[in-house]
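# A look at the structure
In case you want the letters, here they are:
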Amino acid sequence: GEEVAQTPKHLVRGEGQKAKLYCAPIKGHSYVFWYQQVLKNEFKFLISFQNENVFDETGMPKERFSAKCLPNSPCSLEIQATKLEDSAVYFCASSPGTVDEKLFFGSGTQLSVL
Amino acid sequence: SQQGEEDPQALSIQEGENATMNCSYKTSINNLQWYRQNSGRGLVHLILIRSNEREKHSGRLRVTLDTSKKSSSLLITASRAADTASYFCATVGRGSTLGRLYFGRGTQLTVWP
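This write-up is about the structure you can find in this document. Every value quoted in this text rests on a predicted model; they were computed, and no experiment measured them.

Criteria and thresholds
- Residues numbered from 1 in each chain as written.
- Chains lettered and ligands numbered in written order.
- Predicted model: local features only at pLDDT ≥ 70, side-chain atom pairs only at ≥ 80, totals over all residues.
- Heavy atoms only, no water.
- Disulfide = S-S within 2.5 Å.
- Buried < 20%, exposed > 50% of the residue type's maximum accessible area, 1.4 Å probe, protein only.
- Helix = DSSP H or I, 4+ residues; strand = E, 2+ residues; numbered from the N terminus.
- Pairing = 2+ DSSP bridges.
- Contact = heavy atoms within 4.5 Å.
- Buried area = accessible area lost by both parts, 1.4 Å probe.
- Salt bridge = Lys/Arg side-chain N within 4 Å of Asp/Glu carboxyl O.
- Polar contact = N/O pair within 3.5 Å; in protein donor to acceptor, adjacent residues only side chain to side chain.
- Nonpolar A, V, L, I, M, F, W, Y, C, P; charged D, E, K, R; others polar.

## What about the state of the cysteines?
Residue and element names in this part refer to chain A.
- Summed over the entire model, instances satisfying the criterion amount to three disulfides over all chains.
- Across the disulfide from Cys69 sits Cys75; the S-S distance is 2.0 Å. Taking the sign of the torsion about the S-S bond as the criterion, the disulfide between Cys69 and Cys75, at about 110°, is right-handed. Grouping residues by exposure puts Cys69 and Cys75 together as buried.
- Sequential numbering of the bridged cysteines in chain A gives the disulfide pattern 1-4, 2-3.

Below is the structure:
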């Protein structure tokens, strides 16, 4: 597609439950990124993929967060045993990976942990 | 953190006026990018300026970069109500992987008709 598609738009989970978010990058883009936005301002980098391979995972809280990008499937970000502080908007972005380094963002998934 | 602060945090102007937003950062960069976020939406890329560039224009946007002061400014000329949004600067540090952006906290711009 021509847009980065994220589902669901909203997700509500009780503390301790699992949350799974999905992202379909723009067709032809080989890089996918996940960012977390807390309180409508700070954006925190989580992880990036080059095709199905992890490219940079230095931003991931590894204890409860995991992510995958498998061939012919949407990418996913999974949070095991969610905590209150995981409440945020999670944005996926993609890039063709050329010299023009701009990112194309999806509309985000609002995760609320109660 | 590689990113400093954006200034001002909020800006309110009338249509037709110019809006200037500033961004500071802490480390050496490859490039600096400005993004816009409308309420409830994702970020939209506006403009990218490389570390060896000092000024760049795109339509009503003008971006400057001063690497000696580690700062950048975004000027929107002849603003419109549709420019109302949050504006974020983001840096790509030297040696950072592709797409690893360090964002500022943003400037909330309100343009009144």
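Still more to cover.
## Let's talk about the pairing of strand E4 (residues 31-38) of chain A
Residues and elements named next belong to chain A.
- Of all the eight residues making up E4, seven are buried; the element is thus mostly covered by neighbouring parts of the structure.
- Pairing of E4 with strand E5 (residues 42-50) involves eight bridges; the strand directions are antiparallel. Within the sheet, the bridge partner assigned to Phe33 lies in E5 and is Ser48.

## Section: the interface of chain B and chain A
- Each side of the interface is counted separately: chain B has 20 residues, and chain A has 25 residues.
- For the pairing of chain B and chain A, the buried interface totals around 1,900 Å² over both sides, and the portion due to carbon and sulfur atoms is 54%.
- Of all residues in chain B, Leu98(B), Arg100(B) and Arg105(B) give up the largest surface area on contact with chain A, accounting jointly for 31% of the area buried on that side.
- For the pair chain B and chain A, the interface holds two salt bridges.
- Among the ionic pairs, Arg100(B) bridges to Asp56(A), the shortest N-O distance being 3.6 Å.
- If you look at where chain B meets chain A, you find eight residue pairs in polar contact (both at pLDDT 80 or more).
- Where the side of chain B that touches chain A is concerned, the elements lending two or more residues are strand E4 (29-37), strand E5 (43-50) and strand E9 (85-93) of chain B.
- Of the residues that constitute the side of chain B that touches chain A, the class distribution is eight nonpolar, eight polar and four charged.

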